[in-house]
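# Fold and geometry: a report
What follows is each chain in one-letter form.
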Amino acid sequence: MLSRAIPRSVLRSTAASSSSSFRASNIYLGRQSRRWYASEAEEKDLVIVGGGVAGYVAAIKAGQSGLKVACIEKRGTLGGTCLNVGCIPSKSLLNNSHLLHTIQHDTKNRGIEVGDIKLNLDVMMKAKDTSVQGLTKGVEFLFKKNNVEYIKGTGAFKDEHTIAVNLNDGGETEVKGKNIFIATGSESTPFPGLTINEENVITSTGAIALKKVPKKMVVIGGGIIGLEMGSVWSRLGSEVTVVEFLGQIGGPGMDQEISKQIQKMLAKQGMKFKLNTKVTKGDASAESIKINVEAAKGGKEELLDADVVLVAIGRRPYTAGLGLENIGLDVDERGRLVIDQEYRTKIPHIRAIGDVTFGPMLAHKAEEEGVAAVEFITKNYGHVNYNAIPSVMYTHPEVAWVGQNEQELKAQGVKYKIGSFPFSANSRAKTNLDTEGMVKFITDAETDRILGVHIVGPNAGEMIAEGTLALEYGASAEDVGRTSHAHPTLSEAFKEAAMAAYGKAIHY
Amino acid sequence: MRATLRLLQHRQPMIKFVGKHTPPAKLDHTPVAHPASPTHTLPNSFAQYRQKAQQHGPLNGGSKLGLGAIGSHSGHSLGSVEPKKGEYFDRDELPRRFRRTPWTTAEIEAVESGGASMF
């Protein structure tokens with residue numbers, strides 16, 4: 001046939017150099033036949049679906065490594081949940097609400113006299129938005145700097161190498177990748193029987209954008225997100241009640257002793273707690289929401305009423321609309337993508353990183369995985385130590401920990417030693433008039449190797465970095481105790497807790 | 001320095017400088033369960049996919065590291081892809097994405113009429 005003798009490249013070049021009217025028919029032909037469509041899809045070394053922390057970090061790392069990379073994000077801004085509606089905006093509100101609370105309740109004995117203090121919630125929210133915008137735009141700049149193609153749209157697998165994208169600005173495109181990362185993150189787990197409207201039945205997304213301070217707020221779930229957002233609105237004037245199914249707040253990773261301490265501190269600040277309690281029913285049909293609760297093991301029912309209910313019972317992987325069924329990828333019973341040690345799904349060139357797969361749903365864990373997964377492509381070797389990933393709760397005081405807690409070690413039958421040091425004996429905490437909390441080291445009884453570090457107190461989130469480094473290096477408590485720490489600093493409490501683990505603290 | 005040396009005579013620190021970071025000399029890319037996997041096992045689908053996948057040679061055996069050792073050898077080390085003398089490849093033996101796409105009647109007409117048939 002004559003037509004078959006014409007090389008396709010010639011056809012393509014003809015189409016490209018022809019008049020606009022011919023080009024229109026070419027597009028029409030493209031829709032009719034996959035030949036034309038497929039030939040126009042550019043192949044990348046790496047295509048990343050999701051521009052959250054895992055995805056954008058991987059994209060930048062890939063760009064820096066010389067890979068031809070594209071990142072698909074549907075939100076319209078980069079940074080995912082963390083930058084847009086999670087870690088970053090909540091930290092802005094936590095910081096500013098803490099300032100307000102300090103000025104309102106903690107100035108007299110510091111020799112500061114203040115006049116009328118008023119909350120301007122609109123401006124506080126604008127300050128939060130400014131921080132968020134600055135950071136998301138910053139990531140966009142880093143994409144340009146590192147030659148990452150940013151595709152704004154919703155991506156779905158067409159086949160094992162092709163992602164079809166519905167562009168946010170209209171239209172469709174396709175992008176092919178030798179390697180593909182799934183980094184689509186997670187979403188709040190809904191509570192059965194309560195429909196989220198992000199106005200009076202909210203998740204963390206609504207909790208950072210309330211238009212007025214609710215009189216009464218019920219938080220379902222006493223984990224980190226619930227306690228942080230509960231703290232914000234409690235400081236701003238809400239009467240906050242936290243309902244937690246387990247017997248402790250802060251989630252199962254938090255050391256029980258630390259959990260009890262922070263609960264007392266938050267209760268002193270005005271938050272109420274109902275532990276070992278389950279929510280049986282919720283009715284949001286009226287202006288005042290009714291929440292039925294009872295003891296987790298069964299007991300007398302109680303009715304709570306609230307203007308706003310924050311559902312903070314956890315997060316679940318987000319893969320809706322990704323077209324996993326088109327390529328037959330496995331998810332486990334919790335919806336997590338199943339991966340091997342190199343983040344590969346069963347289809348080896350498709351990897352999954354961040355909240356969408358195993359491990360704690362933490363931004364810094366996702367970030368580490370983004371780098372490691374790219375290194376597996378470029379260097380054949382990557383590394384994330386899942387035993388040394390810190391957790392931080394940004395209440396005041398903060399709670400931070402890394403490694404194992406006491407209850408876990410007891411369950412494993414490991415012989416351990418404890419060394420602790422209270423901030424009330426730390427000079428800097430004294431001068432700051434901020435002395436609540438402690439540092440707790442858990443070490444191996446035989447070798448003195450650090451197994452876990454748990455802190456409740458001022459600046460715990462920054463201080464835990466030293467504990468993480470010590471754990472990563474396999475340090476002993478004595479290694480930390482013999483390292484000079486500047487005076488007067490809060491970090492001296494860290495050193496002294498280490499000293500207490502293998503000997504005695506000096507100042508306590 | 002002397003003080004440190006004196007100190008070290010009595011105590012062996014656990015933290016040691018181990019030199020510049022280098023990847024391990026031997027790397028085994030055979031899939032095993034992810035360290036954070038709650039089940040510590042890989043589903044059978046991983047091995048099944050590798051059995052089925054024909055387009056990537058190293059996936060399906062032929063590797064010293066065994067099943068699924070993709071990426072452990074460079075393409076160069078796998079040898080030439082040129083056919084031996086007297087050996088011919090048939091496009092139809094290739095995975096579907098490498099095969100010729102059949103021409104549709106509309107396409108043939110479009111090419112032969114210079115695009116006029118599309119109007």
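Fair warning: this is a prediction, and the values are worked out from it, not measured in the lab.

### Regarding the overall build of chain A
When its secondary structure is counted, chain A shows 18 helices and 21 strands. If you line up chain A on its principal axes, its C-alpha atoms span 95 × 60 × 50 Å. Looking at chain A as a whole, 52% of its 508 residues qualify as buried. Entry remark: accessible area of chain A is about 23,100 Å², with carbon and sulfur atoms responsible for 51%. Seen as two clouds, the 59 positive and the 58 negative side-chain charges of chain A have centres 3 Å apart.

### Some points on the UniProt feature "binding site: NAD(+)" (unreviewed entry) in chain A
Residue and element names in this part refer to chain A. What UniProt calls "binding site: NAD(+)" (unreviewed entry) maps, in this numbering, to Gly221, Gly222, Gly223, Ile224, Ile225, Gly226, Leu227, Glu228, Glu244 and Gly314. A stretch of 94 residues holds the annotated residues, and the largest C-alpha distance among them is 14.2 Å, short enough that they meet in one place. As for its placement among the helices and strands, glutamate 228 is situated in helix α10 (residues 224-235). Here glutamate 228 is in contact with Ser90, Lys91, Leu94, Val392, Met393, Tyr394 and Thr395, once residues within four sequence places are set aside. Looking at the secondary structure, you find glycine 314 in the loop between β14 (308-311) and β15 (315-317). Under the relative-accessibility criterion, glycine 314 is labelled partly exposed at 31%. Contacts of glycine 314, omitting those with residues within four sequence positions, involve Glu187, Ser188 and Thr189.

### Things to note about the environment of Ala53(B)
Within the fold, Ala53(B) resides in the loop between α2 (44-52) and α3 (105-112). Along the backbone, Ala53(B) and Arg11(B) are 42 residues apart, and their C-alpha atoms lie at a distance of 56 Å.

Reading the values: the criteria
- Residues numbered from 1 in each chain as written.
- Chains lettered and ligands numbered in written order.
- Predicted model: local features only at pLDDT ≥ 70, side-chain atom pairs only at ≥ 80, totals over all residues.
- Heavy atoms only, no water.
- Helix = DSSP H or I, 4+ residues; strand = E, 2+ residues; numbered from the N terminus.
- Buried < 20%, exposed > 50% of the residue type's maximum accessible area, 1.4 Å probe, protein only.
- Areas by Shrake-Rupley, 256 points an atom, 1.4 Å probe, with all protein chains shown as cover.
- Lys, Arg positive; Asp, Glu negative; His and termini not counted.
- Charge placed at Lys NZ, Arg CZ, Asp CG, Glu CD.
- UniProt positions renumbered as here; feature names shortened; annotations may be inferred.
- Contact = heavy atoms within 4.5 Å.

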